[in-house]
Amino acid sequence: MNALTVAEVTAAADRIAGQVRPVPIARRSPASPVSFALEFTQFTGTFKARGAKNFIRAHLEAGTLPGAGVTIASGGNAGLACAWAARAEGVPATVFLPATAPAVKVERLRGYGADVRLVGSEYAEAAAACEEFVASSGALASHAYDHPLIAAGAGTLMVEILAEVPDLDTVVVAVGGGGLFAGIATVARNHGVRTVAVEPENCRALNAALEAGEVVDVPVDSVAADSLGARRVTELALRAAQNDFVTSVLVPDVEIVDARRRLWSDHRLAVEHAAATALAGIDSPQGYRPGEGEKVCVVLCGANTHLGDL
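Basis of the calculations
- Along each chain, residues carry numbers from 1 onward, in the same order as the chain's sequence is written.
- Only residues with pLDDT of 70 or above have their local features reported here, since the model is predicted, and side-chain atom pairs are shown and tallied only from 80 upward, although totals for entire chains, interfaces and linings are computed over all residues.
- Values reported for side chains reflect all heavy atoms of the structure, with hydrogen atoms and water molecules removed beforehand.
- UniProt positions are given in the numbering used here, feature names are shortened, and annotations may be inferred rather than shown by experiment.
- In summary, the pairing rule links any two rings of Phe, Tyr or Trp, Trp by its six-membered ring, whose centres are within 6.5 Å, and it sorts them by plane angle into stacked for under 30 degrees, edge-to-face for over 60 and tilted for everything else.
- Helix and strand assignments follow DSSP, with helices taken as H or I runs no shorter than four residues and strands as E runs no shorter than two, numbered in order from the N terminus.
- Exposure categories follow from relative accessible area, calculated using a 1.4 Å probe and restricted to protein chains: below 20% of the type maximum is buried, above 50% is exposed, and the middle band is partly exposed.
- In our convention, an over-ring charge means Lys NZ or Arg CZ found within 6 Å of a ring centre and within 35 degrees of that ring's normal.

- An unreviewed UniProt entry annotates the protein as Threonine dehydratase originating from Brevibacterium celere.
- UniProt annotates the protein under Cofactor (unreviewed entry) with the comment "pyridoxal 5'-phosphate".

Right under this line is the structure:
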């Protein structure tokens, strides 16, 4: 697979212009060089709306979307985005999720009109069922993160961040399967901006791939596994990470939980553990340490969570 290109992200930005919410940027505190990209305010509650919209509109433009519509296997957020984008374009959507997916995501999926099918206890099992459905129905298979159109759509977020913070030094993003990371890191490197890729210690698909020099399977066990629990990172993400502009960081679950609580107690921001993982990447003792005056933007990318466990 070829590396993702800035041209692909630029094409995605043109294709979805006016179809997604521009990301708000907020300072962590008045004097802080750290800012938050509040992407959890995006339609469907996550950055996934960008990739889903780009994927479906690109296939509609090309005349390659079948009558059976689109289908996807997802831990929740990508399915929400796919269902939302499909409904907006009048396209049927069938979404496969693990039975362990948060109820709040399942309820919202059905609210978007998707045919929701709960299969197994892990993403891999839902993905296998989705593949069988593609073979039997002829539906177009989307993916939660492993597709150039999905990654390019996600990368439009970085285009917006740089428009708001043109002198940015470092962007910090949580990594699961690597779609968002690939898009962000591709654009960031083109502008000389470092990307800090943050993963839970026990969901380290990108970190393990970098260590091995190739994509490898990893165990999945984290409080953030519902969004970051990919067993392997994409080839696109690995290619985007293999340069000096990327730093890989691992953080323990306890630091992720603490970061999520701080976002609520200090800023009244209610986000998923996956989004808080990015903040833990610069706040935890194991994390990245910005230099004095280094301008850092932390991507807070998901809000499909239950307020009762903050």
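Back to the text.
**Observations regarding the packing of aromatic side chains**
Working definition: an aromatic ring pair is given by the centre-to-centre distance plus the angle between the planes.
Working step 1: Applying the stated rule across the entire model yields two aromatic pairs.
Working step 2: With centroids separated by 5.3 Å and ring planes inclined at 20°, the aromatic side chains of Phe43 and Trp84 adopt a geometry described as stacked. In this pair, Phe43 is assigned in the loop between β2 (34-38) and α2 (48-62) and Trp84 in helix α3 (residues 77-89), connecting sequence segments 41 residues apart.
Working step 3: Assessed through its relative accessible area of 27%, Phe43 is described here as partly exposed.
Working step 4: A relative accessible area of 11% places Trp84 in the buried class.
Working step 5: On the numbers, 5.6 Å between centres and 55° between planes, the contact of Phe96 with Phe133 is tilted. With Phe96 in strand β4 (residues 93-97) and Phe133 in helix α5 (residues 123-137), this residue pair connects regions lying 37 residues apart in the sequence. Phe133 matches Phe96 in its accessibility class, with the two residues each being buried.
Working step 6: A cation sits over an aromatic face here: Lys53 above Trp84, 4.8 Å from the ring centre.
Working step 7: Above the plane of the ring of Trp264 lies Arg268, whose end atom (NZ or CZ) is 4.6 Å from the centre.

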